[in-house]
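# Report on the structure
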Amino acid sequence: MKKFKIEIKWAVIMLIIFLAWMTLEKQLGFHDEKIKWQMFFTMLIIFPNFILYYLALKDKKENFYMGDMNWRQGFISGVVISFVVVIFSPITQFITHEFITPNYFDKLIALSVESKRLTLEEAKSYFNLTAYIWQSISGGLSFGVVIGAIVAYILKTKTPDSTSKLK
């Protein structure tokens, strides 16, 4: 557990940022009058998440690996962060849809049916807490692993041998 203290710390920070982002979406009207644009706005969270993964792996490299981290070590750290985030994603989804924006699903269902994109039954089966929990688990895991791999590559310690191969 002590080995992954840094990853747990950053996963908690990411969970808090997610809840803050959901609050921001709600405050800016993306869960109400601008709900049809919410999906696009939500995608913007990729930028703060990328920065958070960068800061997390940089923290791991400097404070655990003493400045010498290879890609594999960084990648494993990114995967651990992703797993911790995913473990707690049902709780963050519950908080989001029970406390931050309790009418969110009703509004999405109404919009989907009114725009004739989905039938009422299809919309209800797609826009509900259970479906969003599963989406956050699969999306969080895949996103976290990919971003972790990219950031680990960026932060890996450059060895003299690796730079001489480019010449």
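Please refer to the structure placed before this passage.
Residues numbered from 1 in each chain as written. Predicted model: local features only at pLDDT ≥ 70, side-chain atom pairs only at ≥ 80, totals over all residues. Heavy atoms only, no water.

### Topic: the nonpolar core
Grouped together as the largest cluster of nonpolar side chains are 18 residues, with contacts concentrated most on Trp10, Met14, Tyr53, Leu57, Ile81, Val85 and Val151. Of all the secondary-structure elements, those providing two or more residues to this core are α1 (5–27), α3 (46–63), α4 (71–100) and α7 (129–155). Element by element, the count of residues in this core is highest for α1, at five residues. What Ile81 contacts, discounting residues up to four positions off in sequence, is Glu7, Trp10, Ala11, Met14, Tyr53, Ala56 and Leu57. In this structure, Phe105, Ile109, Phe127 and Tyr132 belong to the second largest nonpolar core, which totals eight residues. (Core = buried A, V, L, I, M, F, W, Y, C linked by side-chain atoms within 4.5 Å. Buried < 20%, exposed > 50% of the residue type's maximum accessible area, 1.4 Å probe, protein only. Helix = DSSP H or I, 4+ residues; strand = E, 2+ residues; numbered from the N terminus. Contact = heavy atoms within 4.5 Å.)

### Describing the environment of Tyr53
Structurally, Tyr53 is set in helix α3. The class of Tyr53 is buried, set by a relative accessible area of 3%. The contacts of Tyr53, once residues within four sequence positions are left out, are Met14, Gly78, Ile81, Ser82, Phe143, Gly144, Ile147, Gly148 and Val151.

### Some details on the environment of Phe127
By the element assignment, Phe127 lies in the loop between α6 (120–126) and α7. Sequence separation between Phe127 and Phe105 is 22 residues; the distance between their C-alpha atoms is 5.5 Å. In this view, Phe127 contacts Phe105, Leu108, Ile109, Ser112, Leu118 and Tyr132; residues no more than four positions away in its chain are not counted.

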